[in-house]
Amino acid sequence: MIVARSATSIRIGSKKGRDVIMQRKPKSVVKWLDDHLEETILMVLIVAITLLTGAQVVMRKLFQSPLTWSEELCRYCFMWTGFISVGYCVRKRCAIRINTFVMLFSKRKQLALEILGNIISLALYSVFLHASWNIVRKTIVSTQTSPAMGIPFYIIYLCTVLGFLFAIVRLAQVIVEDARQLIHPSVETLECDSDPA
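What comes next is a walk through the structure. (Residues numbered from 1 in each chain as written. Predicted model: local features only at pLDDT ≥ 70, side-chain atom pairs only at ≥ 80, totals over all residues. Heavy atoms only, no water.)

**Section: the overall build of the protein chain**
Thinking step 1. Of regular secondary structure, the protein chain possesses five helices and three strands.
Thinking step 2. In the protein chain, the order of α-helices and β-strands from amino to carboxyl end is β-β-β-α-α-α-α-α.
Thinking step 3. Out of the 197 residues belonging to the protein chain, those deemed buried represent 25%.
Thinking step 4. In the protein chain, the proportion of contacts linking residues at least 24 apart, taken out of those at least 6 apart, comes to 63%.
Thinking step 5. With an accessible surface of roughly 13600 Å², the protein chain has 68% of that area assigned to carbon and sulfur atoms. (Helix = DSSP H or I, 4+ residues; strand = E, 2+ residues; numbered from the N terminus. Buried < 20%, exposed > 50% of the residue type's maximum accessible area, 1.4 Å probe, protein only. Contact = heavy atoms within 4.5 Å. Areas by Shrake-Rupley, 256 points an atom, 1.4 Å probe, with all protein chains shown as cover.)

**Focus: the packing of helix α1 (residues 29-61) against helix α4 (residues 153-183)**
Thinking step 1. Look at α1 against α4: their axes get within 12 Å of each other, and the N-to-C directions meet at 145 degrees. For α1 against α4, the interelement crossing comes out left-handed. Touching L33, D34, L37, E38 and I41 of α1 are F166, R170 and Q173, all from α4.
Thinking step 2. Partitioning the contact of α1 with α4 into residue classes produces four nonpolar, one polar and three charged. (Axes fitted to C-alpha atoms, helices over the stretch in contact; angles between N-to-C directions. Left-handed = near helix turned anticlockwise from the far one by under 90°. Nonpolar A, V, L, I, M, F, W, Y, C, P; charged D, E, K, R; others polar.)

**Brief notes about the pattern of salt bridges**
Thinking step 1. Scanning all chains against the criterion turns up nine salt bridges.
Thinking step 2. Via salt bridges that share partners, D34, E38, R91, R93, R170, E177 and D178 belong to a single interconnected network. (Salt bridge = Lys/Arg side-chain N within 4 Å of Asp/Glu carboxyl O.)

**Side note on helix α3 (residues 107-142)**
Thinking step 1. For α3, built from 36 residues, the straight-helix expectation of 52 Å at 1.5 Å per residue is met to within 8% by its first-to-last C-alpha distance of 51 Å.
Thinking step 2. Taken residue by residue, α3 has Q110, L111, I115, N118, Y125, L129, S132, V136 and T139 as its buried positions.
Thinking step 3. Check the buried side of α3 and you find it contacts α2 (70-92) and α4.
Thinking step 4. In the segment just after α3, T143 is the residue with positive phi, at about 55 degrees. (Expected span 1.5 Å × (residues − 1).)

**Focus on α1**
Thinking step 1. Along α1, the sharpest kink reaches roughly 60 degrees, centred on H36.
Thinking step 2. Within α1 the residues assigned to the buried category are D34, E38, L42, L45, I49, L52 and Q56.
Thinking step 3. Against α2 and α4 lie the buried residues of α1. (Bend = angle between axes of the 7 residues up to and from the residue.)

**Side note on the packing of aromatic side chains**
Thinking step 1. Going through the model one piece at a time under the given rule, you end up with six aromatic pairs.
Thinking step 2. With a centroid separation of 5.2 Å and 80 degrees between ring planes, the pair formed by F101 and F105 is classed as edge-to-face.
Thinking step 3. By relative accessible area, which is 32% here, F105 ends up partly exposed.
Thinking step 4. Over the aromatic face of Y76 sits the side chain of R75, whose NZ or CZ is 5.9 Å from the ring centroid. (Phe/Tyr/Trp six-rings, centres within 6.5 Å; stacked < 30°, edge-to-face > 60°. Lys NZ or Arg CZ within 6 Å of the ring centre and 35° of its normal.)

**A closer look at the state of the cysteines**
Thinking step 1. Within this structure, the stated rule accounts for zero disulfides.
Thinking step 2. Here C94 stays unpaired: no disulfide links it, and the sulfur of C89, its closest cysteine neighbor, is 3.8 Å away. (Disulfide = S-S within 2.5 Å.)

In structure tokens:
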């Protein structure tokens, strides 16, 4: 029974007239980044898109003076949102997939096929990362900028590099988690496994 709670400890009752306090470890910055990096970036980008679109509507309809740069910035924020969300979807395991064939197998074999699929995806994202880095390098050399805001194109295209990099890191995490589960299956996995392979 939890009696009181603070930022770093939980008071769970008393024993012989003294409070029993269970210390809670504060989350490290690395753990927080692991849990929330992509979703924080996505949240900031989506809020920016919403505010910029709203400001553009207000400026156009009420003041008859539309912003010349807001649509361009919204477009670039939307691009960043699309690529950053790849790593987020991989980490949360919410990528679109067709798993009818995989569902025919036992739980352990499903997990092994999942690992195989993730390794193939990892290789594919590595190819995409290499190609996107080549594009960013070319745009750095070209010194091309966006028409309305003058943003260097390499900053705009950097979203591809970061998106595929996040996806690779998140896929590596998922592969390790699944491999641990395959090597040391939980009781739940063993109970659900109908095929004794």
